[in-house]
Amino acid sequence: AGEYLTGFLEVPAAAGAYTVRVAIYQADERAGSAQHLGTIALGAERGALGMSDLLLEREAGGLRWDNRGSTVMLNALNAYATGDAAPVFYEAYGLRPGRSYETTLSVRKAEGDGGRGVSLVFNEKADRATMQIRRTIGLEDLVPGQDRLTVTIVEEGTGAKATRSRLINVTRP
């Protein structure tokens, strides 16, 4: 009780859509389970604006992933207490250096009309075609429950857009 199994497996894969399933078994006890995690899309059309999955981080503990010079401390439970700050890591690609991009991060209830939530909007210029981005969003105004974190990047001038979202669990402090 109160313990969680976490692990990390990196599998090289070309751009495309993949169906992801995970199976965990205890060979000596002949026990285990398999889970269908859904379909993920890796990469985008060459040169098109795109972004990676959103990775929620944990400042202390967590599962360490070294990604091309950046250390990401993964939050395997995607859980934060009300009032905490949620660090988010993602990569944007297909950017045009010198071009401005508007990014919106929002957290809203996963079910229903979305209700009250939090959001951040900011503009920045790309300095290279692929950028690793870290943002932190405060959860002070959220009540416990499951919420949806959404990040949208829009290229100014063309309107090209990339959006990703994931569930985040907000718990009592």
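Calculation rules
Residues numbered from 1 in each chain as written. Predicted model: local features only at pLDDT ≥ 70, side-chain atom pairs only at ≥ 80, totals over all residues. Heavy atoms only, no water. Helix = DSSP H or I, 4+ residues; strand = E, 2+ residues; numbered from the N terminus. Contact = heavy atoms within 4.5 Å. Pairing = 2+ DSSP bridges. Patch = residues over 30% accessible without salt bridge, like charges linked within 9 Å, V, L, I, M, F, W, Y side chains within 5 Å. Areas by Shrake-Rupley, 256 points an atom, 1.4 Å probe, with all protein chains shown as cover. Salt bridge = Lys/Arg side-chain N within 4 Å of Asp/Glu carboxyl O. Axes fitted to C-alpha atoms, helices over the stretch in contact; angles between N-to-C directions.

1. Examining the side chain of Asn67
1) Next: Looking at the element boundaries, Asn67 is found in strand β5 (residues 63-67).
2) Next: When neighbours within four sequence positions are excluded, Asn67 is seen to be in contact with Phe89, Glu91 and Gln132.

2. Overview of the pairing of strand β9 (residues 100-109)
1) Next: Pairing of β9 with strand β10 (residues 118-125) involves eight bridges; the strand directions are antiparallel. What sits directly across from Ser100, in β10, is Lys125.
2) Next: When β9 meets strand β12 (residues 145-155), the two strands line up antiparallel, connected through nine bridges. In the strand pairing of β12, Glu102 is matched with Val154.

3. Description of a nonpolar patch on the surface
1) Next: Taken together, Leu5, Val22, Ile24 and Leu37 make up a surface patch of nonpolar side chains, about 400 Å² in accessible area.
2) Next: Position of Leu5 among the secondary structure elements: in the segment before β1 (16-26).

4. A few points about the sheet that holds β12
1) Next: An order of β7-β13-β12-β9-β10 is seen for the five strands of this open sheet, with the pairing classed as mixed. On the outer flanks of this sheet lie β7 (79-81) and β10, each paired with one strand and no other. If you compare each strand with its neighbour and ignore which way they point, the axes differ by 25 degrees on average.
2) Next: In this sheet, strand β13 (residues 161-171) lies alongside β12 in antiparallel orientation, the contact comprising 10 bridges. Bridge pairing in β13 places Ile153 opposite Ala162.

In short, geometric facts, not functional conclusions.
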